[in-house]
Amino acid sequence: MTLKYRAGSVVFENVTKTYGRGSVLAIDNVSFDIQPGELVTLLGPSGCGKTTTLRMIAGLEHASSGRILIGGKDVTQLPATDRDVSMVFQSYALFPHMSVAENVGYGLSVSGNSKAETREKAEEGLRLVGLAGYGDRLPSELSGGQQQRVAVARALVLEPEVLLLDEPLSNLDAKLRRHVRTEIRDLQQELGLTAVYVTHDQEEALAVSDRIIVMNNAVIAQQGTPRELYEQPASAFIADFIGDANLVEAEIREISGDYAVVDLGGVTQELPHRGYRPGPIRVAVRPDAVQLTALDPVPTATAGEMSLKGHITHATYLGSQMHYSVDTPLGPLFVIDGLIDTPIAAGRDVGIGFSRRGLALVPKN
Amino acid sequence: MNRMLWFWLLAGWTGFLILPWYQQEYGFWTLEWLTDGYPFYADYAPAILQATLYDRGWLLPLAIFLILPLALLRVARQDRNYARILILSGMGGLVYLLVQGFAIGISGWGFGFLESLFGPLDVRQYGLGYGALFCAASFLVLLCTGLAAAGAMRGDVFVTSAIGVVVALVAVFVFFPVSRILVGGFVDYDGALSGAAFARNFFNNGVWGVGCLSGGYCGVAWNTAILAILTATSTTLLGLTFALVVTRTAFRWKKSLRVLTVLPIITPPFVIGLALILLFGRSGAATQFFSDLLGVEAGRWLYGLPGIWLAQTLSFTPISFLVLIGVVEGVSPSMEEASQTLRANRWQTFTQVSLPLMRPGLANAFLLSFIESMADFGNPMVLGGNYDVLSTEIFFAIVGAQNDQGRAAVLAVVLLFFTLSAFAAQRFWLGRKSYATVSGKADNGAHVGLNRGLKIVCYATVIPWAIFTVVIYAMIFYGGFVRRFGFDNSLTLANYRDAFGVAIGDHGIVWSGAAWDSLWTTISISAIAAPLTAIVGLTTAYLLVRQNFRGKNAFEFGTMLSFAIPGTVIGVSYILAFNVPPLELTGTGVILVICFIFRNMPVGVRGGIAAMSQLDRSLDEASLTLGANSFTTFRRVILPLLRPAIVAALVYSFVRAITSVSAVIFLVSADHNMATSYIIGLVENGRYGVAIAYCSVLIVVMLAAIVSVQLAVGKRRLRREDRINDTDTDTGANGGETSPILREKRS
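Rules used throughout
Residues numbered from 1 in each chain as written. Chains lettered and ligands numbered in written order. Predicted model: local features only at pLDDT ≥ 70, side-chain atom pairs only at ≥ 80, totals over all residues. Helix = DSSP H or I, 4+ residues; strand = E, 2+ residues; numbered from the N terminus. Rg over C-alpha atoms; globule rule 2.2 N^0.38 Å. Buried ≥ 20, exposed ≤ 12 C-beta atoms within 10 Å, placed from the backbone. Contact = placed C-beta atoms within 7 Å. Pairing = 2+ DSSP bridges. Axes fitted to C-alpha atoms, helices over the stretch in contact; angles between N-to-C directions.

When its secondary structure is counted, chain B shows 33 helices and six strands. By the compact-globule yardstick of 27 Å for 747 residues, chain B fits well, its C-alpha radius of gyration being 29 Å. Dimensions of chain B along its principal axes, counting C-alpha atoms only, are 80 × 70 × 60 Å. Expressed as a percentage of the 747 residues in chain B, the buried residues total 45%.

Okay, structure coming up:
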């Protein structure tokens, strides 16, 4: 017997969730659409409503208004027990009094499958996550990574339409995290699952997702592919949250073709205009898009031609890269430089240039 | 319509058509009625025959509420009428059942105005029996299912029904009797309601008199309050010194001191009083020794305030010790270390940091002892002398020559006022003032030791007091073997023979001892009550910890309330409430079981809350998302993980049922006599030897129960550790019952 999956879609239509007689707004009029077979990440700072959204898909919280559809069916009023989704919890929530096999088979046995079928499918599930033969152990006898895989197997054997993962890597150490997130992604691709993944770690989100929904203050800030979010942030929040951008004031001089001619503290740059009109604007400057040139303490002729100059306040050596804090007329800039063999000492003056790849226009407010 | 609903509807019909509607005269469990003229004999007939053959036509409308749900065959679950029909039939059935029960009683109409309205009624009605019970349960489930269908608790039938059942039980067995006692205070001799009756009993020199200020006697209310304040003060101070010695010094016998905390659990409340009589009574061992030595006449100082105070202090110090250990340990060591690094010495640290942090805990221990002292019946009963307190006065108002229920009710109201005030203060005032510094984060560092002076004071208090306690308990066991204490100190087994004699007669073993009857009754009733208490308590705890619903605070307050109601008050209120139909329970074993369930329920609730708070909520949620409903989750995930708490609740309610006396003494009957009330009877007749022998037997029985359960639980723990060692992983080091859960929390 093998596990068969019918990936389902998830649709939120104007969903609002309030707590405490409406005084606290957890989710404010949120709509999105997750296609079958897609891995979508809900990303955002803590308290933004991403976990509430996930729990509403699971049926552990219920919408105050709006509609939720899973696999085309309206499940807004359906409790968790009756929904065809399963969830991997942040704490794994393995039942400590049951063996690994009992944990994995629990969902099957409570929904009335025969003992033989339950055992067979549980074994299949454990094999899927590479834990065949571990069935008789107790969860407490497994390592953190193994426990995490048991939690995944337990969710998968129910052949859910949608798999939910609530910060599944947060309890693993940094090294293991990269490994496990690849495994989860591979498994999802292999089985063609619809998966919704919650995390607050933007790097993790960029790594695993087909699409990312970034939430902030109970609303969706932006959704799109990882590349869209990184390269075309819709707001200063997104630019800052994904990839630590420096936000600097600038001005669009004119629009020519697809490009806007931008004055960035005296430096002129051509950037994709993305619909912005001439006038004051902000530019998100990625830390690695700034090029620093050390200036001689005694000004020379060439230095005078550099239009933007700065002063290094901190220089930090991090092995594979240098981090600099630079005071400039645009404001302080955070800079990452891969040239570790020619570090620039704190206190030096530098000339500043930008590479177009790491710049993006974002709205003023 | 689901199977569960059909089952309960069927139960309702069974109650209406088949089972005897009224209560059986010969006890709840007897099946005599089956062979004795059932179903046509009037006493055993089911409701349908009662209505048709015996002129009790008012029972017929109940059928309407049982027929109504049959309409659901044609109504879909989604239909709004589905919920409406269920709520209507459930609510209607319950209300009608209650109204007819109260309106028509044992002597016709239950209220005078009904008689004047409808004319005299010849037919009478007895207490509700099996049939009515089934019907009521059925209506309750119909109502809860209906509420769930209407959207209560997200349509969860199990949770809605659990709330409904707990609310119904607490309403019937806590609120109804207590409100009955409030009304009882206003009932005059002729049975009519009158404020004069209340005023006469309430504004009475016997209650509020202040004669003791001028050398006379004070009112019983003042007596009780003075005693409670004295006891609470002394036990709190003693408890604090004990707690300080155990947690802040290198005292060698710390572990033995902790054993003291178990003692009050297994000691019937008046036993300390008895032992004190053997030591300090007029013919007591110590009294005689000193009177011989000093040549003074033996005094009667023990009988009265000093004696009760001493006995209560001995009885309740371990309780406040237990509370204060937690409080003293709860003060974060890092606070004290911070204080020391800021150049405060040990004394300054203790007085300016530790003690203020403990203040709410100290107040809590004080209030707890205050309530215990107020509620104590056994010690004042044994040692009271001329010093009357409320709990004993209530008893004598009911059973004495006066048999004045109105006076008993008024005194009970006064007592209730005191204890409820303390309870309310504890919950609402202290509840918000906790400085508990247990944050879940690892708190390194050790507690600061006591400074020299304080240490000497603590040792000087704790060591003699501990020795004194040991002597008292030694007296209990020794006293049982003495022929007549103070007069004839020779050793004998006669006391045990009187109480627990066993002879081999012609027909096998004859339990010839006088105490066997009450001992078996006590053990069987306690054994029946214990699992029921655990079920009600843990279910309530589950609802409080895991579910959110409107009115949850009131629900919690209601379930914990019976903790603050003194046993004597419960006893009186049960007599007033359950002596007449519709619930006629006095004289049965059932009323004892019920009394224990609701007296001990708060203990189960607290234990359950504590244990359940340790379980991460994600375990329930995981179970729900895996397709289990809330009942399956409760049964397969929560209950197995709560096993230690269940065992604790079982043992505790069993033991508390055995030791309780205050409520029981009102509710026992010839058929169902309990050990404690039997012993009180022995004491009243001056048979101290037999009484104290019986007490030692009870203590041994309870110790055996506790130890055997401890062993059983201990073994289970070993098994799990074995298993972990077998599998050769590095995580087994901290095996044991709680470790997986702790891992869950930590990770």
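Further notes follow.
Next up on the list: the overall build of chain A. Scanning chain A from terminus to terminus reveals nine helices and 20 strands. Relative to its 365 residues, chain A shows a buried fraction of 42%. Of the contacts made within chain A by residues no fewer than 6 positions apart, 65% connect residues no fewer than 24 positions apart.

Right, let's get into the sheet that holds strand β9 (residues 211–216) of chain A. Residue and element names in this part refer to chain A. The strand order β6-β7-β8-β3-β9-β10 describes an open sheet built from six strands, whose pairing is mixed. Either end of the sheet is taken by a strand with one partner, and the two such strands are β6 (85–88) and β10 (219–224). When the angles between neighbouring strand axes are averaged without regard to direction, this sheet yields 20°.

Buried residues dominate helix α13 (residues 271–280) of chain B, accounting for nine of its ten residues. Within α13(B) the residues assigned to the buried category are Val271(B), Ile272(B), Gly273(B), Leu274(B), Ala275(B), Leu276(B), Ile277(B), Leu278(B) and Phe280(B).

Let's shift gears to the pairing of strand β13 (residues 267–272) of chain A. All names here are of chain A. In the sheet, strand β12 (residues 259–264) pairs with β13 via six bridges, with the strands oriented antiparallel. Its bridge partner being in β13, Tyr259 is matched across the sheet by Pro272. The hairpin turn running from β12 into β13, its antiparallel successor, is two residues long, and Gly265 in that turn takes a positive phi close to 55°.

Time to look at the sheet that holds strand β20 (residues 359–362) of chain A. All names here are of chain A. The strand order β13-β12-β11-β14-β20 describes an open sheet built from five strands, whose pairing is antiparallel. Bordering the open sheet on either side are β13 and β20, each of which pairs with just one other strand. Shown here is a sheet whose adjacent strand axes are inclined to one another by a mean of 45°, direction ignored. Pairing of strand β11 (residues 246–256) with β12, which is carried by five bridges, proceeds in the antiparallel orientation. Bridging from a neighbouring strand, Glu251 pairs with Asp263 of β12.

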